[in-house]
Amino acid sequence: TDQQEGERNFHIFYQACAAAQVSAKYSFPSLNKAKGAPQVIDLTGLGAHSEFTLLTKSSVFELQDVNDVEEFEKTVYAMQIIGFSPEDIENTFKVMAGILRLGNIAFSAPKNNSEGAEVNSAAAAEFKEACRLLGTDEEALAKALSFKTIISRSERYTSPVNVQAATDTRDSLARTLYGTTFLYLVETINRSIGFDPKLKLFVGVLDIFGFECFKFNSFEQLCINFTNERLQQFFNTFVFKQEEALYKKEGIPWDPLDFPDNQDAVDLIQQKPSGIFAMLDEECLVVGGSDLGFVNKLKKQHQGNRRFDIIKQKQNWFIVNHFAGPVQYCVDQFLDKNKDQLSIDCVQVMQSSTNSFVKERFEDYNKKFGEGEGKKKKPVTLSSEFKEQLSELMQTVDKTDPHFVRCIKPNPQNQPDIYDRPGVTEQLRYGGVLQAVQVSRAGYPVRTNHHDCWLDYRSLVTKQFIAQHKDKPAMQRAETLLNHLTKELDLPKSRSGLCWAVGKTLVFFKQEAYEVLQAQRLKLRGGEATKIQALWKMILTRRKYLRKVACAIKCQALMRGKIARKLTQARREQRAAAKIGAFGRRCIARMRYTKTMRYCIRIQARMRGILGRVRAKEYRLFVKATKIQAFFRMKVQFRLFSGLRAAVHRAQHRIRTRAAVSQMRRLRAQAQEVGAIVSKLQAAQDQNQHLSQENDRLQSDIIQLMPFSASTSFVSF
């Protein structure tokens, strides 16, 4: 219910919200068609992540290169494989939606009671939706959140709670719903894989996020860092036991006090009655206990402890010096988070839920709020429960043969070929790797066998010493060599004696002795390397000199050859010049001859062109004269034809005029008789037709009488 900036809430919330945005009735599978049994999942009550308070406390809501819808389908597919029924899958997501809706519920004080609390009217729709999803009665859940039941020896009564207490109860209910559902999932998974708690032989994987140190560290970070302290202590003990077994096997002396131990840091947190958790539990039982009172008691109790420190400017802060470094903790809400007690009223409301899935989760609820009317049970706090679970875990881990895997993230951008040195160093420190190195350096971190030790460090002694001891056994030879070097090089000593030890099969070195031996060995090897380099440089220089001499002789031979070739070339050029002169003269004479021939051909062509043009001009004159004669003859014939045609037209006009006049006279004479007029008109029309035919005949006769040449000329014109 509380995330810091840069953190996401549980992934399942974002996956369910992303799937609900696709469809409120999600048809599975939608993306991976070949995986999973088809199922329609009811996601009503969910929506975009921005609609829920629990998902907007941090600006981070997406993961790079991660599709939440695809992850949702993978989750559903995994649940189907494990053996969850479709009803359980749907009810699980209903509980997730109910948790998100609970987070949206806000409280306000009633008008007549400033110390009371009631569901804010603006959040009424959210509250109603949460009750629908969880299958609870609205009035009962509102009362359980706004009131608390107090059980005394003789009576049982209900009192209102303030807004902050109601908000804490709401958050506690949301955490409990998620926790019980998660435990059910784990139980189902263990049952599906055939886990038998009676078996002593098993393989387990313990995944720890690592040390946490933020700008604001609260109760959650203290629990996580306490877990890392315990695991680091186990790792130190494991390394210590391995070292102890190896030293005993090799038969060499060792001092267990050299190994670092964080037991004092563990005691600071868990020891009774002065540990941080114990004092926190005690403060939770005190009437009127507060976070500030708790931190003041801590400062008074642990003043002078090297693992505990204070910040004078911040009265409600304290510092714990963990194995990975100091961490500042703010005690605000420490008591509320430690209590984290879900009221018996909320438990009863959940147990009466109409949703069988929710009801079953609260049937075996472990936390005890009172047994009987007259008995009072000490409440279980989160810190005590956490310590108990961690102790059980460590007891289980102590019985195993552990193997450690350290995962280092090279850069926060998840990009290849980028190495963030400060971030990696911080991870090494927070992951306990640096202290692991410290543990390793506390004993004899450098180990080598007897023969390799003799080969590595025999160069530091004289040839006579080597000749005297080279035939001895390997162990005796290595020990004699190191004794001699201890005197010669004045090797440093530890509290237990020498900084080296010769075992049955190995030679052990403290870091200080190893560094001195390596420094002397490197110095000697550097001097010998210098001599080898000098000899090699002489050889290289001589080779360069001989190469230069050979090059000089070769250059002289080349120069002589070049001079001889130049002389030969000059003679060849002289002979070639003579040949070129003769060839040039021949070319000049030929060019002159060719030029003269070209001029003659041009003159001939010019004369032939003049004569041709004269002949062409005469021919054009003849053709034009012929055309003029033909045109003149055509004109004469056309004039004759035009005169004849005009005479014919005049004759036709006169004949028609006379016929019309005579006809007009006859018509006037017969105007009195209509029948006569009609007959006369018909006769006139017949006569007119006859005259027309006669006219056409005359015209054809005239045309036939015209000369043939005139007719031909007219047509051509």
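Residues numbered from 1 in each chain as written. Predicted model: local features only at pLDDT ≥ 70, side-chain atom pairs only at ≥ 80, totals over all residues. Heavy atoms only, no water.

Chemist: How should the sheet that holds strand β13 (residues 500-502) be read in this particular structure?
Modeler: Pairing between the strands of a sheet comes from backbone hydrogen bonds, and it takes one of two forms, parallel or antiparallel. Read across the sheet, three strands follow the order β10-β14-β13 without closing on themselves; strand pairing throughout is antiparallel. A strand with exactly one partner marks an edge of an open sheet, and here the two such strands are β10 (446-449) and β13. On average, each strand axis in the sheet is tilted by 15 degrees relative to the strand beside it, whichever way the strands run. By the bridge criterion, four bridges tie β10 to strand β14 (residues 506-509) in an arrangement that is antiparallel. What sits directly across from T448, in β14, is V507. Sheet strands in contact with helix α19 (residues 474-489) are β13 and β14, and its direction is about 160 degrees off that of β13. (Pairing = 2+ DSSP bridges. Helix = DSSP H or I, 4+ residues; strand = E, 2+ residues; numbered from the N terminus. Axes fitted to C-alpha atoms, helices over the stretch in contact; angles between N-to-C directions. Contact = heavy atoms within 4.5 Å.)

Chemist: Where do I start with the pattern of salt bridges in this structure?
Modeler: Pairing of side chains with opposite charge becomes possible as their charged atoms draw close. Tallied over the full model, the rule gives 15 salt bridges. When the shortest N-O distance is used, the salt bridge between D171 and R170 registers 2.9 Å. As far as burial versus exposure is concerned, D171 and R170 are alike and both buried. For K531, the salt bridge goes to E528, with nearest N and O atoms at 4.0 Å. A residue pair is termed a helical-turn pair when its members lie 3 or 4 positions apart in one helix, as K531 and E528 do in helix α20 (residues 511-669) at three residues. Overall, E528 belongs to the partly exposed group, its relative accessible area being 38%. When salt bridges with common partners are traced through the structure, they connect D264, R306 and R307 into a single cluster. (Salt bridge = Lys/Arg side-chain N within 4 Å of Asp/Glu carboxyl O. Buried < 20%, exposed > 50% of the residue type's maximum accessible area, 1.4 Å probe, protein only.)

Chemist: Would you take a moment to explain the nonpolar core for this structure?
Modeler: Note that soluble globular proteins tend to have their nonpolar side chains buried in a common cluster. Counting 56 residues, the largest nonpolar core has L43, F93, I99, L173, L177 and M350 as the members making the most contacts within it. L43 has contacts with A16, A19, A20, S23, A24, Y26, F72 and F93, leaving out every residue within four places of it along the chain. (Core = buried A, V, L, I, M, F, W, Y, C linked by side-chain atoms within 4.5 Å.)

Chemist: Which parts of the structure should I look at to understand the side chain of E283?
Modeler: Inspection of the secondary structure puts E283 in helix α9 (residues 276-285). When residues no more than four places from it in sequence are discounted, the contact partners of E283 are G289, S290, G293, F294, K297 and L335.

Chemist: Is there a simple way to think about helix α8 (residues 263-270) in this case?
Modeler: Listing the buried residues of α8 in full gives A265, V266, L268 and I269. Along the axis of α8, the buried positions cluster into a sector of 155 degrees, meaning they face one direction only. Among the structural elements, α7 (219-250), α9, β7 (308-310) and β8 (317-322) are those in contact with the buried residues of α8. (Arc of directions from axis to C-beta.)

Chemist: Before we go on, may I ask you to explain the environment of R421 in this structure?
Modeler: Here R421 lies in helix α15 (residues 421-430). Of the residues examined, R421 reaches a relative accessible area of 62% and is grouped as exposed. The spatial distance from the C-alpha of R421 to the C-alpha of N225 is 23 Å, given a sequence separation of 196 residues.

Chemist: Mind showing me how you'd approach the packing of α7 against α8 here?
Modeler: Interaxial distance between α7 and α8 falls to 10 Å at its minimum, and their mutual angle equals 145 degrees. In terms of crossing hand, the pair formed by α7 and α8 is left-handed. Listed contacts from α8 to L222, F226, E229, R230 and Q233 of α7 are Q263, A265, V266, I269 and Q270. Each residue belonging to the contact of α7 with α8 can be placed in one class, and the counts come to five nonpolar, three polar and two charged. (Left-handed = near helix turned anticlockwise from the far one by under 90°. Nonpolar A, V, L, I, M, F, W, Y, C, P; charged D, E, K, R; others polar.)

Chemist: Just to check I follow, could you spell out the confidence of the model for the chain for this structure?
Modeler: The predicted model of the chain averages 83 in pLDDT, with 91% of residues at 70 or higher. The model gives residues 366-377 a pLDDT under 50, and that stretch makes twelve contacts with residues more than four places away or in other chains. Here residues 708-717 scores under 50 on pLDDT; set against residues more than four positions off or in separate chains, the count is nine contacts. (pLDDT = per-residue confidence, 0-100.)

Chemist: Can you help me understand unusual backbone geometry in this one?
Modeler: Glycine aside, negative phi is the norm for most residues, and most peptide bonds take the trans geometry. Between F28 and the following residue, P29, the backbone shows a cis peptide bond with an omega angle of -5 degrees. Counting through the fold element by element, P29 comes out in the loop between β1 (25-28) and β2 (39-42). With omega at 5 degrees, the peptide bond leading from K272 into P273 counts as cis. Positionally, P273 belongs in the loop between α8 and α9. The phi dihedral of Q333 is positive, around 65 degrees, even though this residue is not glycine. Residue D417 is not a glycine yet carries a positive backbone phi of 60 degrees. Along the chain, the position of D417 falls in the loop between α14 (382-398) and α15. Judged by its relative accessible area of 84%, D417 is exposed.

Chemist: Would you mind showing me how to read the environment of Y26 here?
Modeler: Topologically, Y26 is positioned in strand β1. When neighbours within four sequence positions are excluded, Y26 is seen to be in contact with A19, Q39, V40, I41, L43, V69, F72 and E73. Within polar-contact distance, the side chain of Y26 engages the side chain of E73 at 2.6 Å. (Polar contact = N/O pair within 3.5 Å; in protein donor to acceptor, adjacent residues only side chain to side chain.)

Chemist: Just checking my understanding: could you explain the sheet that holds β8 for this structure?
Modeler: Strand order in the open sheet made by the three strands is β7-β8-β9, with antiparallel pairing throughout. In this open sheet, the two strands that pair with only one neighbour each are β7 and β9 (325-330). Sheet twist, expressed as the mean angle between neighbouring strand axes with direction ignored, is 30 degrees. In the sheet, β7 pairs with β8 via three bridges, with the strands oriented antiparallel. In the sheet register, D309 faces β8, and the bridge partner there is I319.

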